[in-house]
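Descriptive structure summary
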Amino acid sequence: MKITIHAAPDNKKTVLDLAEEQGISLPCNCHGANACGGRQYNFPCGMVPTQDVAISLPAPKKIDAIALEQKKDKSNLPDCLLIDVGTTTVAMVFYNSAKRTVYESCAFPNPQRAYGADVISRIKYDVEFHDDYTLKTLICDEISKQFDSVCSSNPGLSIRLCLIGGNTTMIHLLMGFPLDGMAKSPFTPYHTDNLNLRYGDTDVCILPWLSAFIGGDITAGLLLLDFDRRQDACLLADLGTNGELVLLHQGKLYTASAAAGPAFEGGGLSCGCPAIAGAISDIEWHRIKPKLQTIGNKLPVGICGSGAVSILSDLITRGYVLPSGILANTFPQDGILISKTTDSKEIRFIPDDVRQMQLAVAAIGAGISTLCKRAGISTRDVSWLYLAGGLGHHISVKKAVITGLFSDIPASKVISAGNSCLQGLAAICHDLPSLPRRTNLLAQASREIALAHDPYFKEQFIRHMTYTNFSS
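For the structure given in this document, a descriptive report is provided here. Note that this is a predicted model, so its numbers are computed, not measured.

Criteria and cut-off values
Residues numbered from 1 in each chain as written. Predicted model: local features only at pLDDT ≥ 70, side-chain atom pairs only at ≥ 80, totals over all residues. Heavy atoms only, no water. Helix = DSSP H or I, 4+ residues; strand = E, 2+ residues; numbered from the N terminus. Rg over C-alpha atoms; globule rule 2.2 N^0.38 Å. Buried < 20%, exposed > 50% of the residue type's maximum accessible area, 1.4 Å probe, protein only. Contact = heavy atoms within 4.5 Å. Areas by Shrake-Rupley, 256 points an atom, 1.4 Å probe, with all protein chains shown as cover. Lys, Arg positive; Asp, Glu negative; His and termini not counted. Charge placed at Lys NZ, Arg CZ, Asp CG, Glu CD. Axes fitted to C-alpha atoms, helices over the stretch in contact; angles between N-to-C directions. Parallel < 35°, antiparallel > 145°, perpendicular 65-115°, else oblique. Left-handed = near helix turned anticlockwise from the far one by under 90°. Pairing = 2+ DSSP bridges. Phe/Tyr/Trp six-rings, centres within 6.5 Å; stacked < 30°, edge-to-face > 60°. Lys NZ or Arg CZ within 6 Å of the ring centre and 35° of its normal. Nonpolar A, V, L, I, M, F, W, Y, C, P; charged D, E, K, R; others polar. Arc of directions from axis to C-beta. Core = buried A, V, L, I, M, F, W, Y, C linked by side-chain atoms within 4.5 Å.

Time to look at the overall build of the chain. Helix and strand counts for the chain come out as 12 helices and 19 strands. In terms of overall dimensions, the chain is globule-like: its C-alpha atoms have a radius of gyration of 23 Å, near the 23 Å expected for 472 residues. Referenced to the eigenvectors of the C-alpha coordinate spread, the extents of the chain come out at roughly 65 × 60 × 45 Å. In the chain, buried positions account for 53% of the 472 residues. Of all intrachain contacts in the chain linking residues separated by at least 6 positions in sequence, the fraction that spans at least 24 positions is 66%. Roughly 21,400 Å² of accessible area belongs to the chain as shown, and the carbon and sulfur atoms make up 51% of that amount. Within the chain, one finds 42 positive and 44 negative side-chain charges whose respective centroids are separated by 7 Å.

Here's what the structure looks like:
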């Protein structure tokens, strides 16, 4: 897609700023500093044009968010609105709490991504320009726009309750809370006892965070899975750039955030992409030819996180990655050809992709081992491991076990929880009066484990960089 950016001869603004003035938001993690080396677009993001310039942009991809599994039921008007505010995608569900049916749902890109694809970029921007409330305005306006669009198409809607879940940073930005404490160690969220609002005739309830890295989206999942009531040892894992891990054992919650990097979300991979339509999510090899599974069964556009896990597993199984974690001499230097896009671009998995996935997998596996160690149990004592989010929905559990992603927890104990945030919000609206008590119990039971300073984590991280200890 080509667009023209208009610029005067005396212009002093970057191409990104000019595009923004023309109503075109271009996501850029370095905010025009060209730190990305021009890889995000085919032009320098720090360019200051002094005449009109034509630039090429990738065509927008369809957003495929994981929502509630129920089919739409237009026979019962909704009374609740459930919102999952993700860093990349926002999902909204209009829900009938009495009939437990979905009336309408939609998903859209988080408009804040123009100021960075990750939470760190957005924190840096908001700390510097907090008084402008730019990021707060963006997300609030977009949610209102989507809400009004559904209401205008469906006359007679009356929403009495809105429940919102999101990671700690996203909720800070939504509420306009200062993020200074989240910008550096020890990463302290803004202190508030009230996350309730009122929007017209609608009560708005925002799920509280447990720590800087365990947000309200995880809180919703914990309530869905009754982590405040159970006595068995079970684990919730939401895998992304920061892998949120919560282990329940004997009424205590051990929480941690494992810095896995962007590979699980398709970032940092040579042919990586988010979990969009056409993303390669799984691979089966028939002799030397790969058989692909793509999201939505569309033509391949790149490799998402679950696809990268699948490829790593197969490389281990087929001997391209040795048990020591080192690439075999048989691995081609230009990588392995996986497929081609519709415009004949090659989709390859190169040596650096292997390395990125090894680091991401090792961080999660070591994090799980460390939480179990600090709880005084073995990974084999875990009754169930629940996988939340898109990666957990698309991943091949058996292949992930081969990589050591779940440490020593066997595939038979791993369950996909889907969008545990939205499902948790749906469950909560059936018993809203119990919410304060239950979230207080979770907060009181929580103990944060700082993996970066834990010597056992460092030991386990090295262990998880090899593949002699894991099997399906």
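Still to come is the rest of the account.
At a closest axis distance of 8 Å, the pairing of helix α7 (residues 351–375) and helix α12 (residues 455–464) adopts a crossing angle of 135°. Relative to α12, the element α7 lies oblique. Of the two possible hands of crossing, α7 and α12 adopt the one that is right-handed. Counted together, Leu359, Ala362, Ala363, Gly365, Ala366, Gly367, Ser369, Thr370, Lys373 and Arg374 of α7 and Tyr456, Phe457, Gln460, Phe461, Arg463 and His464 of α12 form the full contact between these two elements.

Taken in spatial order, the six strands of this open sheet run β5-β4-β3-β6-β8-β7, and their pairing is mixed. Where the open sheet ends on each side, the last strands, each with one partner, are β5 (101–109) and β7 (196–199). Each strand axis lies, on average, 20° off the axis of its neighbour in the sheet, ignoring direction. The sheet contact formed by β7 and strand β8 (residues 202–206) spans four bridges and is antiparallel. Looking at the pairing, Leu197 lines up with Val204 of β8. Contacts from helix α4 (residues 168–175) reach β3 (80–85), β6 (161–166), β7 and β8 within the one sheet, and its direction differs from that of β6 by about 130°.

As a further point, take the packing of aromatic side chains. For the coordinates displayed, the defined rule picks out seven aromatic pairs. Each ring, one from Tyr320 and one from Phe331, has its centre 6.1 Å from the other, and the planes form 85°; the classification is edge-to-face. A residue pair is termed long-range when its members are at least 10 positions apart, and Tyr320 in the loop between α6 (305–317) and β15 (336–340) and Phe331 in the loop between α6 and β15 qualify at 11 residues. The exposure class assigned to Tyr320 is partly exposed, which follows from its relative accessible area of 22%. Assessed through its relative accessible area of 3%, Phe331 is described here as buried. Among the aromatic residues, those joined into a cluster by ring pairs are Tyr115, Tyr125 and Phe129. Its guanidinium or amino end placed over the ring of Tyr103, Lys74 lies 4.2 Å from that ring's centre, counting from NZ or CZ. Taking NZ or CZ as reference, Arg318 lies 4.8 Å from the ring centre of Trp285, over its face.

Closest axis-to-axis distance for the helix α3 (residues 134–153)/α4 pair is 7 Å, and the angle between their directions is 85°. Judged by the angle between their axes, α3 and α4 are roughly perpendicular. Facing α3, whose interface residues are Leu135, Lys136, Ile139, Cys140 and Ile143, α4 presents Leu173, Leu174 and Met175. Considered class by class, the residues forming the contact of α3 with α4 number seven nonpolar, no polar and one charged.

Only one face of strand β2 (residues 53–56) is buried, namely the one carrying Val53 and Ile55, since none of Ala54 and Ser56 on the opposite face is buried. Two elements, strand β1 (residues 2–5) and β2, share four bridges in a ladder whose sense is antiparallel. Residue pairing in the sheet places Ile3 in a bridge with Ile55 of β2.

So, about helix α11 (residues 435–445). Those residues of α11 not exposed but buried are Leu435, Arg438, Thr439, Leu442 and Ala445. Viewed end-on, α11 has its buried residues packed into an arc of 130°, placing them on one side of the element. Along its buried surface, α11 packs onto β8, α5 (216–224), β11 (252–259), α10 (420–428) and β19 (446–448).

We now examine the nonpolar core. Nonpolar side chains in soluble globular proteins tend to end up buried together. Residues Leu247, Phe264, Ile338, Phe349, Met357, Leu405 and Phe406 are the most contacted members of the largest nonpolar core, which totals 58 residues. Residue contributions to this core peak at 10 residues, all from α7. Other than its neighbours up to four places away in sequence, Phe349 contacts Ile303, Ala308, Ile311, Leu315, Phe331, Gly335, Ile336, Ile338, Val354 and Met357.

Another point: the sheet that holds strand β18 (residues 414–418). The six strands lie next to each other as β18-β17-β9-β10-β11-β19, forming an open sheet whose pairing is mixed. Each edge of the open sheet carries a strand with a single partner, namely β18 and β19. Ignoring strand direction, the axes of neighbouring strands in this sheet form an average angle of 25°. Sitting on the sheet, α5 is in contact with β9 (234–238), β10 (242–249) and β11, with an inclination near 145° to β9. Across the face of the sheet, α7 comes into contact with β9, β10, β11 and β19 while running at roughly 25° to β10.

So, to be careful, I would describe these as geometric facts and stop short of saying anything about function.
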